[in-house]
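# Observations on chain architecture
The lines below spell out each chain.
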Amino acid sequence: MNVIETVGLGKRYRQTWALRDCRLTIPAGQVTALVGPNGAGKTTLLRILAGLATPTAGTATVVGHAAGSQQARDAVSAVDQAVPLYRHLRVRDLLAAARALNDRWDTDLAEQRLSSLPLTMSSKVGKLSGGQQAQLALTLAMARHPRLLLLDEPLASLDPLARQEVLGWLMTCVAEDGLSVVFSSHVITELERVATYLVVLSQGQVQLAATVDSLLDSHLALTGPAADADRLAGQVPVITAQQAGRQTQVLARTDTAPPGWAARPVTMEELVLGYLREPSPRARPRLEVAR
Amino acid sequence: MITDKPDSDDGGVSPIAFYLDRGLGVPTYLQFVHQVDYALRLGFLGVGDQLPRIKDVTRSLAVNPDTVMKAYRELEMRGIAAGRPGVGTFITRAPDVVGLKQLATLQKKLSTWLAEAAEAGVDELGIKALFTAALRDFSDGGGAGSRFPGGAGARREGGAA
Amino acid sequence: MTVPMISAIKVPRMTRVTWYKHRTLVLGIPGMFLLAATLLVIDSLLQRHWISAHHFTNCLTYANIDTSSQCLTENSSPAQGVFAEFVNYWRTEGAVLAVFSLAAVAGLFGGVPWVAREFEGGGFRFTWTQSVSPRRWLLGTFGLLTLLSVVAAAICGVAAHWWFQVAQFRLDGGTNPWGWESVEMTPLSMASWTLLAMALALLLGVLIRRVLPAMIVFAVTFGGCVLAAQTWLPEFLFRVGESSVRITTNPNQTYPEMSYIAQTWYARPGGPKLNTLAVVEQLQGYSLAQQDRWLAQRHLSEWIAYQPHSHLVWLVLARNGILVAVAAVLVVASVWWLRRRPAE
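Residues numbered from 1 in each chain as written. Chains lettered and ligands numbered in written order. Predicted model: local features only at pLDDT ≥ 70, side-chain atom pairs only at ≥ 80, totals over all residues. Heavy atoms only, no water.

### Brief notes about the overall build of chain B
For chain B, the count of helices and strands is six helices and two strands. Along its sequence from the N terminus, chain B presents helices and strands in the succession α-α-α-β-β-α-α-α. The buried share of chain B, taken over its 161 residues, is 34%. In chain B, once contacts between residues fewer than 6 apart in sequence are set aside, the share between residues at least 24 apart is 53%. For chain B, the exposed area adds up to about 9,800 Å²; of that, 59% sits on carbon and sulfur atoms. (Helix = DSSP H or I, 4+ residues; strand = E, 2+ residues; numbered from the N terminus. Buried < 20%, exposed > 50% of the residue type's maximum accessible area, 1.4 Å probe, protein only. Contact = heavy atoms within 4.5 Å. Areas by Shrake-Rupley, 256 points an atom, 1.4 Å probe, with all protein chains shown as cover.)

### A closer look at the overall build of chain A
For chain A, the helix and strand inventory stands at ten helices and 15 strands. Against the compact-globule benchmark of 19 Å for 291 residues, chain A has a radius of gyration of 21 Å, which places it among compact chains. A principal-axis box enclosing the C-alpha atoms of chain A has dimensions of 70 × 40 × 35 Å. The proportion of buried residues among the 291 residues of chain A is 57%. Contacts in chain A between residues at least 24 apart in sequence constitute 69% of all its contacts with a sequence separation of at least 6. (Rg over C-alpha atoms; globule rule 2.2 N^0.38 Å.)

### Focus on the interface of chain C and chain A
With 33 residues of chain C in contact, the opposing surface of chain A contributes 38 residues. A buried area of about 3,000 Å², summed over both sides, lies between chain C and chain A, and 53% of it is on carbon and sulfur atoms. When residues of chain C are sorted by the area they lose upon contact with chain A, Arg125, Phe126 and Ser131 of chain C head the list and together hold 24% of the total. Linking chain C with chain A are one salt bridge, by the criterion used here. Between Arg23 of chain C and Asp93 of chain A there is a salt bridge whose closest N-O contact spans 3.2 Å. For the interface between chain C and chain A, the tally reads 13 residue pairs in polar contact (both at pLDDT 80 or more). Elements with a contribution of two residues or more to the side of chain C that touches chain A: β1 (3-4), α1 (10-21), α7 (123-127), α8 (134-167) and α14 (312-340) of chain C. Of the residues in the side of chain C that touches chain A, the class split is 14 nonpolar, nine polar and ten charged. (Buried area = accessible area lost by both parts, 1.4 Å probe. Salt bridge = Lys/Arg side-chain N within 4 Å of Asp/Glu carboxyl O. Polar contact = N/O pair within 3.5 Å; in protein donor to acceptor, adjacent residues only side chain to side chain. Nonpolar A, V, L, I, M, F, W, Y, C, P; charged D, E, K, R; others polar.)

### Description of helix α5 (residues 92-100) of chain C
Residues and elements named next belong to chain C. For α5, the full list of buried residues reads Thr92, Ala95, Val96, Val99 and Phe100. Buried residues along α5 cover an arc of 135 degrees about the axis, so they all sit on one side. Its buried side turned inward, α5 meets α2 (23-53), α6 (102-120), α8, α9 (180-184), α10 (187-208) and α11 (211-235). (Arc of directions from axis to C-beta.)

### Some details on a positive patch on the surface
Together, Arg90, Arg92, Lys124 and Lys127 of chain A make up a region of like positive charge exposed at the surface. Looking at the element boundaries, Arg90 of chain A is found in the loop between β6 (76-79) and α3 (91-101). (Patch = residues over 30% accessible without salt bridge, like charges linked within 9 Å, V, L, I, M, F, W, Y side chains within 5 Å. Lys, Arg positive; Asp, Glu negative; His and termini not counted. Charge placed at Lys NZ, Arg CZ, Asp CG, Glu CD.)

### Regarding α6 of chain C
Since the α-helix packs 3.6 residues into each turn, any two residues three or four apart lie on the same face. Residues and elements named next belong to chain C. Taking 1.5 Å per residue, 19 residues should reach 27 Å; α6 reaches 25 Å between its end C-alpha atoms and fits that length. Pro113 marks where α6 bends most, by close to 35 degrees. Burial analysis of α6 places 14 of its 19 residues in the buried class, the great majority of the element. (Expected span 1.5 Å × (residues − 1). Bend = angle between axes of the 7 residues up to and from the residue.)

### Quick notes on the packing of α8 of chain C against α14 of chain C
Residues and elements named next belong to chain C. One way to put it is that α8 packs onto α14 with a least axis distance of 9 Å and a crossing angle of 145 degrees. Of the two possible hands of crossing, α8 and α14 adopt the one that is right-handed. On α14, the residues touching Pro134, Arg135, Leu138 and Leu139 of α8 are Val331, Val335, Leu338 and Arg339. Class assignment of the residues belonging to the contact of α8 with α14 gives a composition of six nonpolar, no polar and two charged. (Axes fitted to C-alpha atoms, helices over the stretch in contact; angles between N-to-C directions. Left-handed = near helix turned anticlockwise from the far one by under 90°.)

### Observations concerning the sheet that holds strand β5 (residues 65-66) of chain A
Hydrogen bonds between backbone groups are what pair the strands of a sheet, and the pairing can be parallel or antiparallel. Residue and element names in this part refer to chain A. Reading across from one edge, β2-β1-β4-β5 is the order of the four strands in this open sheet, with antiparallel pairing throughout. The outermost strands of the open sheet, each flanked by one partner alone, are β2 (16-27) and β5. Pairing between strand β1 (residues 2-13) and strand β4 (residues 57-62): five bridges, direction antiparallel. Bridging across to β4, Thr6 finds its partner in Ala60. Taken strand by strand, helix α1 (residues 42-50) contacts β1, β2 and β4, and its axis lies near 120 degrees from that of β1. (Pairing = 2+ DSSP bridges.)

### Points about the nonpolar core
Counting 162 residues, the largest nonpolar core has Leu198 of chain A together with Phe33 of chain C as the members making the most contacts within it. Among all residues touching Phe33 of chain C, those that are not within four sequence positions of it are Leu102, Ala103, Ala106, Ser149, Ala152, Ala153, Cys156, Met190 and Thr194 of chain C. Residues Ile16, Ala39, Leu45 and Val68 of chain B belong to the second largest nonpolar core, which totals 22 residues. (Core = buried A, V, L, I, M, F, W, Y, C linked by side-chain atoms within 4.5 Å.)

### Some words on the packing of aromatic side chains
All names here are of chain C. Applying the stated criterion to the full structure yields 16 aromatic pairs over all chains. Between Phe100 and Trp193, the aromatic rings sit 5.7 Å apart at their centres with planes inclined by 90 degrees, giving edge-to-face as the arrangement. With Phe100 in helix α5 and Trp193 in helix α10, this residue pair connects regions lying 93 residues apart in the sequence. Just as Phe100 is buried, Trp193 falls in that class too. An aromatic cluster is built from Phe100, Trp180, Trp193, Phe218 and Phe222, whose rings are joined through pairwise contacts. (Phe/Tyr/Trp six-rings, centres within 6.5 Å; stacked < 30°, edge-to-face > 60°.)

### Re the confidence of the model for chain B
Residues and elements named next belong to chain B. On average, residues of chain B carry a pLDDT of 78, and 73% of them reach 70 or more. Within the model, the stretch residues 1-11 combines pLDDT values under 50 with 19 contacts to residues more than four positions away or in other chains. The ipTM for the predicted assembly is 0.82, set against a pTM of 0.77. (pLDDT = per-residue confidence, 0-100.)

### So, the interface of chain A and chain B
Residue-level contacts link 21 residues of chain A with 21 residues of chain B. Both sides of the chain A and chain B interface together cover about 1,700 Å² of buried area, and 46% of this is carbon and sulfur. If you look at where chain A meets chain B, you find two salt bridges. Here Asp213 of chain A and Lys70 of chain B are joined by a salt bridge, their closest N and O atoms 2.4 Å apart. There are seven residue pairs in polar contact (both at pLDDT 80 or more) connecting chain A and chain B. Listed by contribution, the elements that provide at least two residues to the side of chain A that touches chain B are α6 (160-177), α7 (188-194) and β15 (262-265) of chain A. If one sorts the elements of the side of chain A that touches chain B by residue count, α6 of chain A sits on top with nine residues. Taken together, the residues of the side of chain A that touches chain B break down into nine nonpolar, five polar and seven charged.

This is the structure we're talking about:
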């Protein structure tokens, strides 16, 4: 079952297209990393999937229902970039309000997690630190037992220790409950050990959408003489090439090295940076491999 | 799918705990495989010992459970470990350890080669570079997979697992 | 352990959310109406006590006679001084204006901030990602405030109506069942205006989504509505189904008591309406008998268009019905707009 399906999804604000012609098919159970420069359309995409914005073109389907519909909203939890909460309430009132607003609510989970956080039930939500608010928002999102969790860089405000702990907790939920996660992140080093699916967005368009395994299997980092660089471009699809003196380092979409080139497997970091550097030429066929 | 379902919180089920070395550039699952290998060689793990539960590893290291499962699958393929559904993953066989006598012969050959290189005028750095390049080439097998025991290249060439 | 909740009991849950989030408004806005009602009741009790203490009650009638002369015939001239004291006791017009404006206050300081702040403060992104749909949430919480306010406004209207029974005799122009004060100081009118105010606040909050601009637009728009209603009322609504009568010396051919006089004109039988001003100019200076002769010579008669008092109740009901209908349209528009742009 696909947890996210978008066809020709587009969103226009006044004259500019924040998202254009997005096609995504993400299977359930994946942890998807959404990567892209600022203004690439990550927040827009996440908001559409969460039902906070309506698409201008195309359709978006989450957990088999139209994004924004009642069933979709039941099964999807989203924590927006702004970490939305009722800031003028006290924590315990916010908890009670969230419980009243939801059909499915795990009181034990919420209380358990909140008790492990350094915040008191009687403090005003608006007075909490950024990290505490992020933890609170995440707890409330998870207490709904969603099937899909959408995170728009909410871990950015957490200290490294808290970040590690939260990620660990989320990964456990992925393992035990089959939770699907889509998170946008700037921390590329984290992607390799956490993400199983990668979506690269740039200028409102999907540059890359595939499982991490298939990507790592289908790309190689080639090293060879700079003089052969042009010839190589004709032999294999070249994503990026960096020349250093007489040597050139190439990221190519191939699984066998052409003769004369030394090959080694790419790291996730190199892969992501490579695709981020290169804006999508329409000529290059999009890589999309389902698991 | 290898799942660890018993919800007993008796932490420390496995003699070893995994760690991450981010600077290596080696995929996480391979790091785990290597760590199991080293632990076996050093005697921290023996046949019949349980490997860390997937749940524990994901929580403590914040890695995707798939990564741990890939590592355990790799170990299964190498014949080192096997999963018991509902219980965990256990070591079934220690890797072939090269005999001491073989090791001594190899070391002598290495010393001879070093003397030759030094005579030819290669300095320490040069020797390290030579060795690293050769090792990497052998490891990659020119993109066909490692020719070391258990590597993809060896398997393709019909080498012993 | 998960706690499954039955979706059928969503309304009481919305009530809880409303209580957590908007305690001040839920208590304050209806409370404002109830406070006004209490003050009106106390004031009226004091007045009525004062009037009976001064044996004044019989002076206050609806007759189209100068009230003070009625009192003079009843008692001696000291009664006149008492009446003057009564009139100068409190400005009825001001009090009526204050009570009438409570509806606007409810919408301006209760309704508009309620909705607009949800968008301005970012809370809507939290609300709209929970299990309840934006529309249901808005109607369940805002609807609750509106319901409480409308009920409180109706109660205030009952108190105002009772208060107005006595207070109307202090009006500058005397009692006038067709005056805007009489029309508005009733439970139905106050409830209808409050409903309209809240509906307008809802629409503007959903459209504008910023507290201060929405409040300004609300003030202008609601003021416009009130102005339009008050001018439209006497000129159009009160003339619906009006009757006309030709004034003659025959005492039976006249209009009933307490009718609304919409228009007077002069015309020949079967002829067009003449310019009233021109005729009146001609008649200046003549005595009544001379005027009659002058008109008879030219075969002119005086005509009067009027609305009998018995129709007043129905017309006011229609007016309030229109307010409620407009409010319903505004609510539908808000919900439709919210569905189009949920949380941007």
